[in-house]
Amino acid sequence: MKILICGAHGFVGRHLSRTLEQAGHEVIHGVHQFSSETAERQRELLIDYGKDISVEIWKKRLAALGTVDIVINAVGILMQTKEMPFTAIHQAAPIALFQAANDAGIHGILQISALGPDDREHSNLSVEPTQLSSYLQTKRAADQFLSQLACPHLILRPSLIVGIDGASSQLFRSLASLPVIALPGNGEQELQPVHIDDLCLCVRTWLSQIENQNAVSHQIIRAVGPKPISYREMLVHYRHAMNLPPAMFVRIPMSVMHISASLARHLPQKVFAPETLQMLEQGNVADSLGFTELVGQTLRGADDWFTNQHTQALAAAAIANWSQLLFRLMLAFLWISTGIISLWIYPREDSLHLLAQVGINGESASIVLYLASGIDMLLGIATLSRPHRNLWLFQSVLILGYSFIIAACLPEFLIHPFAPILKNLAILTILFVLVASEKRATN
């Protein structure tokens, strides 16, 4: 069959594309940005999910593709922006797509939605729409619209999805690899993670039913793992998969977690946000029977999440995620604090005396003091905001230069009990690791 997957570059979209192509289907990748490989671009359709909210746009797009048998919507964001709001990405654009696909008479529509507190057994009587997060409210609006269409469809509502390359899985592996792990509240929030392979197998089975014309026309399936586990238990399983020893757990008050989630929206990450924290608090579990029947085999439990992965590789990747961030934070603190101390805390006369021993006197010494302090603070800010290989190399050269000048002109610091020069070796080691860890830029 010819299948359009919207959100094909996302975690779920990538795995669905690979699974369905291996099954012999022709897959068109609906993407927000073209890939860098020319061969991939030939199968890609550029879509602006923030603006393509008109049924006519989607009708023209589907008509240009020729005969499309199945439309899969795997588009989703956990953090909205002014340009990419939940109402457009999760609601308006999918609704326009569903209507256009229904009018075109395609064979089936698959909506990748999300599990919520309203998916608990009998909870639909007690959970009001306004109690759902903004993320879930917009997802439910698209689900409800699709449920009213005549076109056969499947609405999958997965719990937290586990996979080696998933953003949330990478985050939780990083958190689990820490020697001291912070828990939101008591860490007993209920989850029922589902493995990405089970999700893909479910979709493949449903497509076979569509081909054989024996699929249920209108389905809502809660895609969950075999049994619920707590947030703390999930992190323990991640840690066990990396063959790491037990860690210390520290409880963080939920009030602090909510403040942290609000602040985290301004960091370069797309997982920890007020919406995701709200969904964690509300619980994320459901009956797995319907999903198990559609998958057609035993679901993967926590002990089977990473059975084919090398434990050392998992641990190394997880530790690298937070250690590099920690290195950057420490470097930024050192540069900024050094600049502040030099300008406003350490006695100016003592600083000028040290510069005089290096051969810099008079007005030139004051200029060098202010210039060096300013450069230090700018390097600290750049370490946080513009991390780059060239920045690490420049810092390394600067530290080496400082060290050689001090060693030559102020040799007493080489045998100082606080070892101010020798400690530069530790900073150079951190910079060496950051340079080695820098990834090649991709277009």
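You'll find the structure just up there.
Rules behind the numbers
- Residues numbered from 1 in each chain as written.
- Predicted model: local features only at pLDDT ≥ 70, side-chain atom pairs only at ≥ 80, totals over all residues.
- Heavy atoms only, no water.
- Buried < 20%, exposed > 50% of the residue type's maximum accessible area, 1.4 Å probe, protein only.
- Helix = DSSP H or I, 4+ residues; strand = E, 2+ residues; numbered from the N terminus.
- Pairing = 2+ DSSP bridges.
- Right-handed = clockwise from strand over helix to strand, strands pointing away.
- Salt bridge = Lys/Arg side-chain N within 4 Å of Asp/Glu carboxyl O.
- Axes fitted to C-alpha atoms, helices over the stretch in contact; angles between N-to-C directions.

Draft legend 1. Representation of the pairing of strand β2 (residues 26-31) within the structure. Counting buried positions along β2 gives 5 out of 6 residues, so the element sits mostly inside the fold. One ladder, built from 5 bridges, connects strand β1 (residues 2-6) with β2; its direction is parallel. If you follow Ile5 over to β2, its bridge partner there is His29. With helix α1 (residues 11-22) bridging β1 and its parallel neighbour β2, the resulting β-α-β unit is right-handed. In this sheet, strand β3 (residues 44-46) lies alongside β2 in parallel orientation, the contact comprising 3 bridges. Opposite His29, over in β3, you have Glu44 as the bridge partner.

Draft legend 2. Here's a closer look at the pattern of salt bridges. In the structure shown here, the tally under the stated rule is 12 salt bridges. For Arg120, the salt bridge identified is with Glu190, shortest N-O distance 3.3 Å. With Arg120 in the loop between β5 (108-112) and α5 (134-147) and Glu190 in strand β9 (residues 190-191), this pair connects stretches of sequence that are 70 residues apart. A relative accessible area of 31% places Arg120 in the partly exposed class. The network of salt bridges with common partners includes Asp118, Asp119, Arg140, Asp143, Arg157 and Arg222.

Draft legend 3. A look at the sheet that holds strand β11 (residues 218-223). If you walk across this open sheet you meet the 7 strands as β3-β2-β1-β4-β5-β6-β11, and the pairing is parallel. The strands lining the two open edges of the sheet, one partner per strand, are β3 and β11. Averaged over all pairs of adjacent strands, the angle between their axes in this sheet comes to 15°, without regard to strand direction. The sheet contact formed by strand β6 (residues 153-158) and β11 spans 6 bridges and is parallel. Across the sheet, residue His153 finds its bridge partner in β11, namely His218.

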